[in-house]
Amino acid sequence: MNVVIIGGGQAGLQIADSLRTEGFEGKIEVIAEESGLPYQRPPLSKDYLAPGKEPAPLPLRGASFFVDKNITLHEGVQALAIDRAQRKVKLTEGSLEYDHLVFATGARNRTLTCTGASLPGIHGLKTLADAEALHAALPTARNIVIVGAGFIGLEFAAAARAHGCNVTVLEFAPLPMGRALTSVMGEWFAAAHRSQGVDLRLGEGIGRFEPGADGRVGAAVSTTGASYPADLVLVGIGVQSNDTLASEAGLEISNGIVVDETLRTADPAVLAIGDCASFPSAHAHARLRLESVQNATDQARHAARTILGAESPYTELPWFWSTQGPYRLQMAGLARPDDDTLVLGDRAGAKFSVLCFREGVLAAVESVNMAADHMAARKLLAAGTAITRVQAETEGFTLKAAVNTPATPVSA
Ligand SMILES: Cc1cc2nc3c(=O)[nH]c(=O)nc-3n(C[C@H](O)[C@H](O)[C@H](O)COP(=O)(O)OP(=O)(O)OC[C@H]3O[C@@H](n4cnc5c(N)ncnc54)[C@H](O)[C@@H]3O)c2cc1C
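Quick caveat, the model's predicted, so the values are computed rather than measured. (Residues numbered from 1 in each chain as written. Predicted model: local features only at pLDDT ≥ 70, side-chain atom pairs only at ≥ 80, totals over all residues.)

What follows is about the overall build of the protein. The helix and strand inventory of the protein stands at 10 helices and 26 strands. For 412 residues, the compact-globule estimate of 2.2 N^0.38 gives 22 Å, and the protein sits close to it at 22 Å. If one aligns the C-alpha atoms of the protein with their principal axes, the spans along those axes are about 65 × 60 × 35 Å. Evaluated residue by residue, the protein yields a buried proportion of 43% over its 412 residues. Within the protein, residue pairs in contact and separated by at least 24 positions form 61% of the contacts whose partners lie at least 6 positions apart. (Helix = DSSP H or I, 4+ residues; strand = E, 2+ residues; numbered from the N terminus. Rg over C-alpha atoms; globule rule 2.2 N^0.38 Å. Buried ≥ 20, exposed ≤ 12 C-beta atoms within 10 Å, placed from the backbone. Contact = placed C-beta atoms within 7 Å.)

In this section: the domain arrangement of the protein. Domain boundaries assigned for the protein yield domain 1 (2–108 + 240–307), domain 2 (111–235) and domain 3 (326–403). Each of domain 1 and domain 2 has a C-alpha centre, and these two points are 30 Å apart. Each partner contributes residues to the interface: domain 1 has 12 residues there, and domain 2 has 14 residues. For the side of domain 1 that touches domain 2, the class distribution of residues is 8 nonpolar, 1 polar and 3 charged. (Domains from an automatic or database assignment. Nonpolar A, V, L, I, M, F, W, Y, C, P; charged D, E, K, R; others polar.)

Before going further, it helps to spend a moment on the packing of helix α1 (residues 10–21) against helix α7 (residues 293–307). Look at α1 against α7: their axes get within 8 Å of each other, and the N-to-C directions meet at 35°. When you trace α1 past α7, the crossing you get is right-handed. Of the residues in α7, those in contact with Gln10, Ala11, Gln14, Ile15, Ser18 and Leu19 of α1 are Val293, Ala296, Thr297, Gln299, Ala300, Arg301, Ala303, Ala304 and Ile307. Looking at the contact of α1 with α7 residue by residue, the class counts come to 9 nonpolar, 5 polar and 1 charged. (Axes fitted to C-alpha atoms, helices over the stretch in contact; angles between N-to-C directions. Left-handed = near helix turned anticlockwise from the far one by under 90°.)

Contacts to the ligand come from 36 residues, most closely from Gly7, Gly9, Ala11, Gly106 and Gly274. Residue assignment for the shell around the ligand shows that the elements contributing at least two residues are α1, β2 (27–32), α7 and β22 (319–324). Among the residues making up the shell around the ligand, the classes are represented as 16 nonpolar, 14 polar and 6 charged. Of the residues that make up the shell around the ligand, three or more belong to each of domain 1 (2–108 + 240–307) and domain 2 (111–235). (Near = placed C-beta within 6 Å.)

With that out of the way, let us pick up the sheet that holds strand β19 (residues 270–272). Pairing is parallel across the open sheet formed by 5 strands, whose spatial order is β3-β2-β1-β7-β19. What marks the edges here is a single partner per strand, and that holds for β3 (71–75) and β19. Looking at each pair of strands side by side, their axes are set apart by 20° on average, direction ignored. Relative to β19, strand β7 (residues 100–103) runs parallel, the two sharing 3 bridges. (Pairing = 2+ DSSP bridges.)

Reading across from one edge, β22-β23-β26-β25-β24 is the order of the 5 strands in this open sheet, with antiparallel pairing throughout. Edge positions in the open sheet fall to β22 and β24 (340–346), since each of these has one partner strand only. Within the sheet, the average angular offset between the axes of one strand and its neighbour, ignoring direction, is 15°. Note: strand β25 (residues 351–358) against strand β26 (residues 361–368), 7 bridges, orientation antiparallel. Within the sheet, the bridge partner assigned to Leu355 lies in β26 and is Val365.

As a further point, take the pairing of strand β5 (residues 88–91). Where strand β4 (residues 79–83) meets β5, 4 bridges bridge the pair, whose relative direction is antiparallel. By the bridge assignment for β5, Ala79 is matched with Leu91. Hairpin connection of β4 to β5: 4 residues between the antiparallel strands, including Arg87 at a positive phi of 50°. Across 3 bridges, β5 lies against strand β6 (residues 95–97) in antiparallel orientation. From the neighbouring strand, Val89 faces β6, where its bridge partner is Leu96. Linking β5 back to β6 in an antiparallel pair, the connection comprises 3 residues, with Gly94 at a positive phi of about 75°.

Before going further, it helps to examine the environment of Leu362. Looking at the secondary structure, you find Leu362 in strand β26. Remark: the alpha-carbon pair of Leu362 and Asp339, spanning 23 residues in sequence, is separated by 9.5 Å. Ignoring sequence-local partners within four residues, the contact set of Leu362 consists of Leu355, Phe357, Leu380, Leu381 and Ile387.

Right, let's talk about the confidence of the model for the protein for a bit. Of the residues in the protein, 98% have a pLDDT of 70 or more, and the chain-wide mean is 96. Here helix α10 (residues 399–403) is the element of the protein with the lowest mean pLDDT, 95, and β19 is the one with the highest, 99. (pLDDT = per-residue confidence, 0-100.)

Leave glycine aside and you will find that most residues have negative phi; peptide bonds, for their part, are mostly trans. Phi at Arg87 takes a positive value of approximately 50°, unusual for a residue other than glycine. As for its position among the elements, Arg87 is in the loop between β4 and β5. What makes Arg87 partly exposed here is the crowd of 18 C-beta atoms within 10 Å. One non-glycine residue, Met177, lies in positive phi territory at about 50°. Looking at the secondary structure, you find Met177 in the loop between β11 (166–171) and α5 (183–195). C-beta crowding within 10 Å serves as the criterion here: with 23 such atoms nearby, Met177 is assigned to the buried category.

Before going further, it helps to examine α5. For α5, built from 13 residues, the straight-helix expectation of 18 Å at 1.5 Å per residue is met to within 8% by its first-to-last C-alpha distance of 18 Å. Within α5, the full set of buried residues consists of Met185, Gly186, Trp188, Phe189, Ala190, Ala192 and His193. Next to the buried residues of α5 lie α4 (151–162), β12 (199–202), β23 (327–332), β25 and β26. Immediately beyond the C-terminal end of α5, within one or two residues, lies Gly197, with a positive phi of roughly 95°. (Expected span 1.5 Å × (residues − 1).)

This is the structure in C-alpha cells:
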C-alpha cells in the first residue's frame, strides 16, 4: 500500500509524519511544486519582515526528517492531472500510482483585476519568494498602500510601520478582519492600528492604480476617488482553494474540495486536508474551509488515521493566532457576528479577552496579549465545558480558574 500526497506544505508534511507515527510502513511520496525544503508560512508576514534582520526561512521539517522517516519528497515537481480510474497522478516528470491520494494543495492569493493591477511595485504575500521581494523593498519604501485589512494586510501594516513607512490601508468592509472577528474586537483593532500611525480607511475599496514617472506604481485611487501616493502596494484580499486538479478529476468542489467528516472525498481512495478542503465542521454545524496552521495539522493527523482504517469524525476545535506589531491576537472556537459578547481584562492596556456566548453558553474566545486566557479557552471549549454568561460575570471569574472548576450543566 502507498500514499501519494500532493502539496508539501503544513498539511502535506504533517500527514506524512503522522502516517509514520501511526505505524504506516508503505511508501509515502510528497509532491511539492515549490523548490527547496518546505517552510513555515506564518513568519513570512511577521518576523521575516522585521527591520534590521537577515531572515532565513523556517523549515517545516529538517532534511534528515525525510531520510529518517523514509519519505520521498519530490521538490520542484508539480502534479498535473489525476486519473482516478487508473489511480495515477501525472507529474511534470513522469507519473505515480497510488493506493491513497491526499490533496494538501493549499490556497492561492486572490488577485485584483482593476486598472494598473499589474504595475511593478504591487505585491502579494504567500510564498517565500513574495516575502523575499517585500523584505528587499521595505527598507527603501516610503509610501505604502495595503489593499485589504485582513490578517495578512494588517500584519504587513505593522511590519511596514516598524520600517518607518507611511501606511494606508484600504478596506471595503466597515471593520478590519470582519470575516473572522466580533465587531468588539474589530473596532478595537481599528483603533489600535490607527494609534500605531496606520491610516486605516474603512468602507473604501481600491478603484485603480496609477503609474509614477518611473513606470512603477505611483498612486492608488480608492473607490471614493481619493488618491494615495504609493511606491509599494500589498494586495491582501484573501485566498481561494487550489482545487482545479480535483475538479478536473471529477471531484465535488464547493469553496474547496468537498470531504466528509472523515476527510475523504466521495472517492474513498482520495482525501483532502488543510486550506484546500471544504469539510463539515462539528463546531460551526456547517461546511467550512479554514486557513490556519491548526486546521492543516489537526486535519493531517486525523486523515492519517482515516487512511489506516479509523472511521471517526474530525471534531478538533479551531484556533488561530495573528501577530500585528505589539498585539498578539489569539482565537479559540469560531466567533459569529451575532454572538453575545463580554469583555474581560484591560482593553486600554491591550490585555483582554472577548468572550462570545451563544444561547447563553461560551462558544468562542478572542484574546489580545492574554495567552493564559487563550489556552484556558481552548481547554474549556474542547472539553465542551458549559461556561454561562452569569458565571463569567461573577466577581473574580477567570477562564484559567474555570478550567479547574467542576463544569456547570447547560440547563443550570
Ligand atoms: C504570510 C502568511 C502568514 C500566515 N500566518 C498565519 C498565522 O499567523 N496563523 C495561522 O494559523 N495561519 C497562518 N497562515 C496560514 C497557514 O500558513 C496556512 O493555513 C497553512 O500553511 C495551510 O497549510 P496547507 O498545507 O493547507 O497549505 P500550504 O502550506 O500553503 O501548502 C500547500 C502546498 O501545495 C503546493 N501545491 C499546490 N498545488 C500543487 C500541485 N499541483 N503540485 C504540487 N504542489 C502543489 C503549494 O505550492 C504549497 O506549497 C499564514 C499564511 C501566510 C501565507
